[in-house]
Amino acid sequence: MMILPSQASFSPSNGRLSGEQVNRAVRRLKDLRGLFADEAAFLAMDPEQIVYEVHAHDACGPVEGGLFFGVSTLFPGKVGQEYFMTKGHIHERRNRGEYYWGIEGRGALVTMNERREATVAVIEPGSLHYVPGNTAHRIANTGNVPLVVGACWPADAGHDYDAIAERGFPVRIVEENGAPVVRNREDERDGR
Ligand SMILES: O=P(O)(O)OC[C@H]1O[C@H](O)[C@H](O)[C@@H](O)[C@@H]1O
Ligand SMILES: [Fe+2]
């Protein structure tokens, strides 16, 4: 029997993922233009500010049958009243699902199916979330410490941002009286 060295290491307590085959991607505020409701607040902030980073172990490449493993760290913050969030995507191969699990901090997982029906789930350490295929997904940090979330998804899933860019998600996660609430975007047009 051959005993292989670990390809990478993952800390179950803080989610830190490291090793030669781990890639880091960073998203800054300027990469999230147009997603937040309060455009004036957005423009007043530092566009270079890092909103989240993703460490991914994607050694197999985008092959059918392969799996990718990642850890997202979403920093605390708000644009106006709206909590920092990921860009959000639906998989290029629409029927591919994904697991998310909470490691540190507190947040929300927002999903939207093809009928534009949304769900919102609380992410906290130990919470487990299955995102089915044909479902767009994004996370928001509703706390004041980094939200660390693990993910595992099919290597050939791909990310489609354009398909959901125009109309966006039907709900926003905003702070009201010091607590997170879900706001329906239909309400925005009434000026509420
Ligand atoms: O791709 P975004 O919508 O910016 O989300 C950031 C990342 O979140 C999770 O970690 C997903 O598993 C990644 O596939 C995704 O890239
Ligand atoms: Fe995904």
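Described below are features of the structure shown in this document. Treat the numbers as computed from the prediction; the structure is a model and nothing was measured.

**A few points about the coordination of the iron ion (ligand 2)**
Listed as protein donors to the iron ion (ligand 2) are His-89 (NE2), His-91 (NE2), Glu-98 (OE) and His-137 (NE2); their distances from the metal cover 2.0 to 2.3 Å. Metal-centred angles of 85 to 165 degrees between the four donor atoms at the iron ion (ligand 2) mark the site as irregular. Of note, the iron ion (ligand 2) draws all its donor residues from one chain, in the sequence arrangement H-x1-H-x6-E-x38-H. One end of the pair, His-91, is in strand 8 (residues 90–91); the other, His-137, is in strand 13 (residues 136–141), and 46 residues separate them in sequence. When sorted by exposure, His-91 lands in the same class as His-137, which is buried.

**A word on the site of ligand 1**
The environment of ligand 1 is formed by 14 residues, the closest being Tyr-52, Ser-72, Glu-98, His-159 and Tyr-161. Tyr-52 is positioned such that a nitrogen or oxygen atom in its side chain is 2.4 Å from an oxygen atom of ligand 1. Residue His-159 places a side-chain N or O atom 2.7 Å away from an oxygen atom belonging to ligand 1. Considering ligand 1 on its own, with 370 Å² of exposed area, one finds that the protein chains cover 95% of that surface. Counting atoms within 2 Å of the grid points, the majority share of ligand 1 lands in the largest pocket.

What counts and what doesn't
Residues numbered from 1 in each chain as written. Chains lettered and ligands numbered in written order. Predicted model: local features only at pLDDT ≥ 70, side-chain atom pairs only at ≥ 80, totals over all residues. Heavy atoms only, no water. Donors = N, O, S within 2.8 Å, 3.2 Å for Na, K, Ca; no water. Tetrahedral: all angles 85-135°; square planar, octahedral: opposite > 155°, others 65-115°. Helix = DSSP H or I, 4+ residues; strand = E, 2+ residues; numbered from the N terminus. Buried < 20%, exposed > 50% of the residue type's maximum accessible area, 1.4 Å probe, protein only. Near = heavy atom within 4 Å. Polar contact = N/O pair within 3.5 Å; in protein donor to acceptor, adjacent residues only side chain to side chain. Areas by Shrake-Rupley, 256 points an atom, 1.4 Å probe, with all protein chains shown as cover. 1 Å grid on protein atoms, 1.4 Å probe; cavity = no way out; pocket = protein on both sides within 12 Å on 5 of 7 lines; lining within 4 Å. Sits in = over half its atoms within 2 Å of the grid points.

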